[in-house]
Amino acid sequence: MRVAVAGGTGVVGRHTVAALRTAGHEAVVLSRSTGADVLTGSGLVVALAGCAAVVDVTSVQTTSGRVSREFFGTATRTLLSAEREADVPHHVVLSIVGATEAPSAYYAGKALQERLVRESGTGWSILRATQFHEFAAQLVGDREKRLHLVPVMRSQPVAAAEVGEALAAVATGAPRGLDRDLGGPQVEEMPDLVRRYLAATGRRGRVLAVPLPGRWGRALRDGTILAGPDAQLGEQTYAEWLTAQVVRGAPTGP
Ligand SMILES: NC(=O)c1ccc[n+]([C@@H]2O[C@H](COP(=O)([O-])OP(=O)(O)OC[C@H]3O[C@@H](n4cnc5c(N)ncnc54)[C@H](OP(=O)(O)O)[C@@H]3O)[C@@H](O)[C@H]2O)c1
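Quantities reported herein were computed from a predicted structural model and do not represent experimental measurements.

Caption draft 1: Representation of the overall build of the protein in the model. What the protein contains, in helices and strands, is nine helices and twelve strands. On C-alpha atoms alone, the protein measures out to a radius of gyration of 18 Å, which is about the 18 Å that the 2.2 N^0.38 rule sets for 254 residues. Structurally, the protein occupies a C-alpha span of about 50 × 40 × 35 Å along its principal axes. Counting across all 254 residues of the protein, residues that qualify as buried make up 51%. Restricting to contacts in the protein with at least 6 residues of sequence separation, those with at least 24 account for 79%. Within the structure as shown, the protein displays about 11,500 Å² of accessible surface, and the carbon and sulfur contribution to it stands at 52%. Across the protein, the 27 positively charged side chains and the 24 negatively charged ones have centroids separated by 8 Å.

Here you go:
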């Protein structure tokens, strides 16, 4: 089966492409580096010829609700329109657990993305995952700091590789609508994950846990972003993932 992965060069996109290829499918990588742009539409229709599904794992780094809504709104509309033109029958999107409940700027774009996909009239599947194990590394960033401010946040981190495998399985099956949440095997505290990441990778800096104010801060603490009771759970723990990064000698940064 031929499947396109929009964002196939990103953290989870790379794993999705690998999982598709391991299972014997043809994976087409759509990203600006391969000449396909989900905002302008350039290169999309030609690349989508003969595809049975598109997996959308594109992203934008922003703390602005306007930027997030503009990115996910435009990307989703553009992709869906190219899929209609190329006769692609199945659109798969990776969303985030809590995207439609937790009032965050970034999540506002994800909630809009979900709504556009549900209303698209095409065959669709939405998989909501919790934060990846890589999220703690993304919070640390590349720059050395003496102090890392980390929100007080209960998270159920999952291996991006396992999310990629799940997306490949969804994309090569019939449209599922809203799938069961995908979460990691354990509930963890984000400041603790960052401390462990710094210690394991020999990075410097003290971690200060900051309780964020308002409804977003409460959502981070009260379980809104944890996988639901009927969730599918990944197997690799954060500790196992961290050990694997250090053994490989290549700690995963942002
Ligand atoms: N990170 C998490 O913990 C987490 C958890 C649950 C769900 N998610 C969701 O998973 C998705 C992927 O996240 P990620 O962390 O894997 O993203 P990422 O590593 O930041 O990768 C983003 C991808 O999008 C592509 N992209 C960006 N702008 C594009 C454009 N205009 N046209 C074509 N491609 C474009 C990038 O490639 P180029 O730069 O080459 O274009 C890259 O391949 C996001 O939608 C996110 O909301 C993330």
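Additional details are given in the paragraphs that follow.
Caption draft 2: Focus on the side chain of T58. Of note, T58 is situated in the loop between β3 (53-56) and α3 (65-86). Polar side-chain contacts of T58 include one of 2.8 Å to the side chain of D56.

Caption draft 3: Molecular detail of unusual backbone geometry. Look at D87: it is not a glycine, yet its phi comes out positive at around 60°. Within the secondary structure, D87 sits in the loop between α3 and β4 (90-96). Given the relative accessible area of 66%, D87 is considered exposed.

Caption draft 4: View of the packing of aromatic side chains. Throughout the structure, instances matching the rule amount to four aromatic pairs. Consider the rings of F72 and Y106, whose centres lie 5.5 Å apart with planes at 85°: the pair is edge-to-face. Of this pair, F72 sits in helix α3 while Y106 sits in helix α4 (residues 105-118); the two residues are 34 residues apart in sequence, bridging distant segments of the chain. Between Y107 and W216, the ring centres sit 5.2 Å apart and the planes meet at 70°, which makes this aromatic pair edge-to-face. Remark: W216 occurs in helix α8 (residues 214-221) and Y107 occurs in helix α4; sequence separation between them is 109 residues. Its relative accessible area of 6% is what places Y107 among the buried residues. Given the relative accessible area of 24%, W216 is considered partly exposed. Among the aromatic residues, those joined into a ring-pair cluster are F71, F72 and Y106.

Caption draft 5: Structural view of the pattern of salt bridges. Tallied over the entire structure, the rule returns eight salt bridges. Put simply, E144 and R203 hold a salt bridge, and the shortest N to O gap is 2.9 Å. Of this pair, E144 sits in the loop between α5 (135-140) and β6 (147-151) while R203 sits in the loop between α7 (190-201) and β11 (206-210); the two residues are 59 residues apart in sequence, bridging distant segments of the chain. R196 is the salt-bridge partner of E188, the closest N and O atoms lying 3.1 Å from each other.

Reading the values: the criteria
Residues numbered from 1 in each chain as written. Predicted model: local features only at pLDDT ≥ 70, side-chain atom pairs only at ≥ 80, totals over all residues. Heavy atoms only, no water. Helix = DSSP H or I, 4+ residues; strand = E, 2+ residues; numbered from the N terminus. Rg over C-alpha atoms; globule rule 2.2 N^0.38 Å. Buried < 20%, exposed > 50% of the residue type's maximum accessible area, 1.4 Å probe, protein only. Contact = heavy atoms within 4.5 Å. Areas by Shrake-Rupley, 256 points an atom, 1.4 Å probe, with all protein chains shown as cover. Lys, Arg positive; Asp, Glu negative; His and termini not counted. Charge placed at Lys NZ, Arg CZ, Asp CG, Glu CD. Polar contact = N/O pair within 3.5 Å; in protein donor to acceptor, adjacent residues only side chain to side chain. Phe/Tyr/Trp six-rings, centres within 6.5 Å; stacked < 30°, edge-to-face > 60°. Salt bridge = Lys/Arg side-chain N within 4 Å of Asp/Glu carboxyl O.

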